[in-house]
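Summary of the model geometry
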Amino acid sequence: MTSTEFSSSSSNFPTKQSRIPDDTVFYAIYPDSLTATTPTSLHSLHLQILDTITPFTTGYIWQHHPFTLSPSSSPPLPHLHGHLRFGDNLHDEWFSVFLLFHISRHFPSLSLRVWDSDGEFLLIEAALHLPRWLNPDTAAHRVFIRNGDLHIIPNHRLQNPTLLDSLKFLIDSGSESKAPVPVQRAVKNRIAEYPEKARVNMHRVRVRVPVSVAMVLKHEPCLISLAVEGFYERDIDTMKFAANMERFLGKGNGGGGGDKLVVVLVTMSRAMYAQLVQQAFRAPKGYPPMPMISEGEAYKEAELGMKIACGFEMIYQQRKRDGVEGKGSTWEKFKKSLEESGYFQGLLPGSSEYQKLVQNAEEYYKNTSLHSRASDLMSAPVRRIDEILALPHSVDDFKAQEVPPSDDDSWLYNGEEELNCALMKRQKEMELYDLKHGKKGKAKEQQGTGLSSGSNAGEFDPGDIVKNMQAFVQKLSSYEGAEAPEDRNKDVELDVDQFIKEVESIMKLPGGNVANEEGSSSDLDFDDSDESDMDESAEDDEDGENTFMQTYSDAMNEELKASTIQKNFVRAKEQIPKKDEGTSNATEDMDEEFSPIDVDVNLVKSFLDSFSNQEGLPGPVSNLLGLMGVQLPQDANKGK
């Protein structure tokens, strides 16, 4: 794969064969002057867009990658494109959507696209309001952002549009593609709280770190994302770097007081803070002395700072190693392209011949522009850290400064209210959707028979479980699976005898014989003696099988008598006939033999016990019985 091919594959829209990273959002910006756009005009547009969004992005700490744009002047679609990895911080993705809408409002002659691993995730947000024809298979090259609104290329105007077709349609007939008001509202409500929500997502916290780490954070506060990434995504290899702390605590840290901790204020996203706080991690042996646990806040600040320092060391050494090797994600993509082209000839990874081919590929890769580009990208943070630590610094630089207190982190432990609010909002949307589509009566009926309905608890009939379960077990299944009973799907009635007669009438020849019938009298003749021998043999086999099954059943009963499994079943002792008075050891016989088991009672008991253990949460019992139309009441005695 050449450098041109790699560049185009990263900038163009993903095909079905390519796998998009699960935590990455992609975006592209297309000017209306598709053919007249020059590299100079594209560069000018790039600078204007950056000036427009800078007031919103200044001071914002991105989880992994910042919001950036790169020009691509390759014909016939010159455009700006970019992507960012948001990781566990979903706010980064929606903040990017807000920025794209903001750009579209300030530049009316632009058409913008945004997608992630889920595809057109903006449509997912407005799924309850989309037309029936629009689905993941028909949404290709149809969803755009333009003039601050969401646009969907109508199906009746363009059946299978290409990207160029859709862009021309937006330019010529943009008013026709504007999405309906409910769709617009659903998407815009999702970003309505930005950019204020982006600022709220930032968390400031006091930490105690080595002087070298404090210097890096002072000059490049955004590098905290790299430190958190190094700590949170650590493995056995990078842990070895943290054990030595060669760069930030060794002789190469560039300043005095390497064994002293200083207090600084660090700004990070809430997701980063949670990733640091929620993981236990011991300080390396050579790490500076930390406060005692009994010192409370001082220890908490030092522990958090220790994780940041170790994260910096791990990511620094890893990036330094990857920069020298020039590998990283670009090498992985290059290697994958070789695998898909059959370069490794089906050899097993790890074999000597496979390793030789890998070495040859590495040599070729190092001579391409991909290697130099990847090396520069991976080494950029390393070079910047080296530049900062080359500056003179000491503990005295941080002693005189006043550090404000940390932000309240109660949001980390009290998220139940926010979650319930989000769930209630979604529930309300579903109710409105059901009401709009004439499902109000059905919703009320389900609510009346729901698990929380106390009025219907007395109407519950345990016999419904037995009846529906028997119907389910007796129902024939096919390769498509088993269907739930209770008339949820109408059965097809088939008269088997009549069907066979019809088939025979079709296949019979004029002579009265069935065509190709292997058992016809013209092909095989048996004498009476052979038939009688076969009958006797069948009877012997049947007797032997019955004897074996009886012996097997007796042996199994003997084994189970010694176990405790019999105590787990409810027995129908009232169904056992009374013994004659002359039988003196009737009680002993009862103990020695298994008394009859009421299968229906045990079935209901098992279902109820399992449902009780669900404690009101979704589970297999409620799901299965729900499909059968049976709703179990809540256990009123639970917790008493």
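In this text the structure is predicted, and so the values were computed from the model without any measurement.

Within the protein chain, the regular secondary structure consists of 24 helices and 8 strands. Taking all 640 residues of the protein chain together, 35% fall into the buried category. Put simply, 76% of the contacts in the protein chain that link residues at least 6 apart link residues at least 24 apart.

Now for the packing of helix H9 (residues 224-232) against helix H11 (residues 270-277). As a packed pair, H9 and H11 sit with axes 10 Å apart at the nearest point and diverge in direction by 35°. For the pair H9 and H11, the sense of crossing is left-handed. Every residue of H11 that contacts H9 at Ser225, Val228, Phe231 and Tyr232 is listed here: Met272, Gln275 and Leu276. Residues that form the contact of H9 with H11 fall into these classes: 5 nonpolar, 2 polar and no charged.

With that settled, the discussion passes to the packing of aromatic side chains. Enumeration over the complete set of coordinates arrives at 13 aromatic pairs. Residues Phe95 and Tyr194 carry aromatic rings whose centres are separated by 6.0 Å and whose planes lie at 20° to one another, so their mutual orientation is stacked. Note that Phe95 is positioned in helix H3 (residues 90-106) and Tyr194 in the loop between helix H6 (181-190) and helix H7 (196-200), a separation of 99 residues in sequence. Residue classification places Tyr194 among the buried residues on the basis of a relative accessible area of 5%. When the centroid spacing of 5.9 Å and the interplanar angle of 55° are considered together, the rings of Tyr273 and Trp411 count as tilted. With Tyr273 in helix H11 and Trp411 in the loop between helix H16 (396-399) and helix H17 (416-436), this pair connects stretches of sequence that are 138 residues apart.

Tracing the sequence through the fold places Glu313 in helix H12 (residues 297-325). Nearest to the buried, unbridged Glu313 among oppositely charged side chains is Arg247, at 7.2 Å.

Another point: unusual backbone geometry. Residues Tyr194 and Pro195 are joined by a peptide bond in cis, for which omega reads 10°. Mapped onto the fold, Pro195 is located in the loop between H6 and H7. Even without being a glycine, Asn147 presents a positive backbone phi close to 55°. When you line up the elements, Asn147 lands in the loop between strand E5 (143-146) and strand E6 (149-152).

With that settled, the discussion passes to the packing of helix H2 (residues 39-57) against H3. Running from N to C, H2 and H3 cross one another at 135°; their axes reach a closest spacing of 10 Å. With respect to H3, the axis of H2 lies oblique. You can see that H2 and H3 cross each other, and the crossing is right-handed. Across from Ile49, Thr52, Ile53, Phe56 and Thr57 in H2, the residues of H3 making contact are Phe95, Phe98, Leu99, His102, Ile103 and His106.

Below, the discussion takes up the nonpolar core. Counting 90 residues, the largest nonpolar core has Phe67 and Phe312 as the members making the most contacts within it. If you tally residues by element for this core, the top one is H12, at 9 residues. Discounting chain neighbours no more than four positions away, the residues touching Phe312 are Val213, Val216, Leu217, Leu223, Ile224, Ala227, Phe248 and Ile385. If you look at the next biggest cluster of nonpolar residues, it comprises 10 residues, including Leu163, Leu167, Phe169 and Leu170.

Residue alternation in E6 divides its side chains into two sets, Asp149 and His151 and Leu150 and Ile152, and both sets are buried. Inspection of the sheet shows E5 paired to E6 by 4 bridges, in the antiparallel sense. Counterpart to Phe144 in the pairing with E6 is His151. In this structure, the hairpin formed by E5 and E6 is closed by a connection of 2 residues, where Asn147 is found at a positive phi of approximately 55°.

In this section: a nonpolar patch on the surface. There is a patch of nonpolar side chains on the surface, built from Phe548, Met549, Tyr552 and Met556 and spanning about 430 Å² of accessible area. Looking at the element boundaries, Met556 is found in helix H21 (residues 528-561). Overall, Met556 belongs to the partly exposed group, its relative accessible area being 38%.

Counting through the fold element by element, Ser177 comes out in helix H5 (residues 163-177). For Ser177, a relative accessible area of 1% corresponds to the buried category. Residue contacts for Ser177: discarding those within four places in its chain leaves Leu150, His151, Ile152, Ile153, Pro154, Phe169 and Leu170.

Reading the values: the criteria
Residues numbered from 1 in each chain as written. Predicted model: local features only at pLDDT ≥ 70, side-chain atom pairs only at ≥ 80, totals over all residues. Heavy atoms only, no water. Helix = DSSP H or I, 4+ residues; strand = E, 2+ residues; numbered from the N terminus. Buried < 20%, exposed > 50% of the residue type's maximum accessible area, 1.4 Å probe, protein only. Contact = heavy atoms within 4.5 Å. Axes fitted to C-alpha atoms, helices over the stretch in contact; angles between N-to-C directions. Left-handed = near helix turned anticlockwise from the far one by under 90°. Nonpolar A, V, L, I, M, F, W, Y, C, P; charged D, E, K, R; others polar. Phe/Tyr/Trp six-rings, centres within 6.5 Å; stacked < 30°, edge-to-face > 60°. Lys, Arg positive; Asp, Glu negative; His and termini not counted. Salt bridge = Lys/Arg side-chain N within 4 Å of Asp/Glu carboxyl O. Parallel < 35°, antiparallel > 145°, perpendicular 65-115°, else oblique. Core = buried A, V, L, I, M, F, W, Y, C linked by side-chain atoms within 4.5 Å. Pairing = 2+ DSSP bridges. Patch = residues over 30% accessible without salt bridge, like charges linked within 9 Å, V, L, I, M, F, W, Y side chains within 5 Å. Areas by Shrake-Rupley, 256 points an atom, 1.4 Å probe, with all protein chains shown as cover.

Without other data, these values stay purely geometric and don't point to any function.
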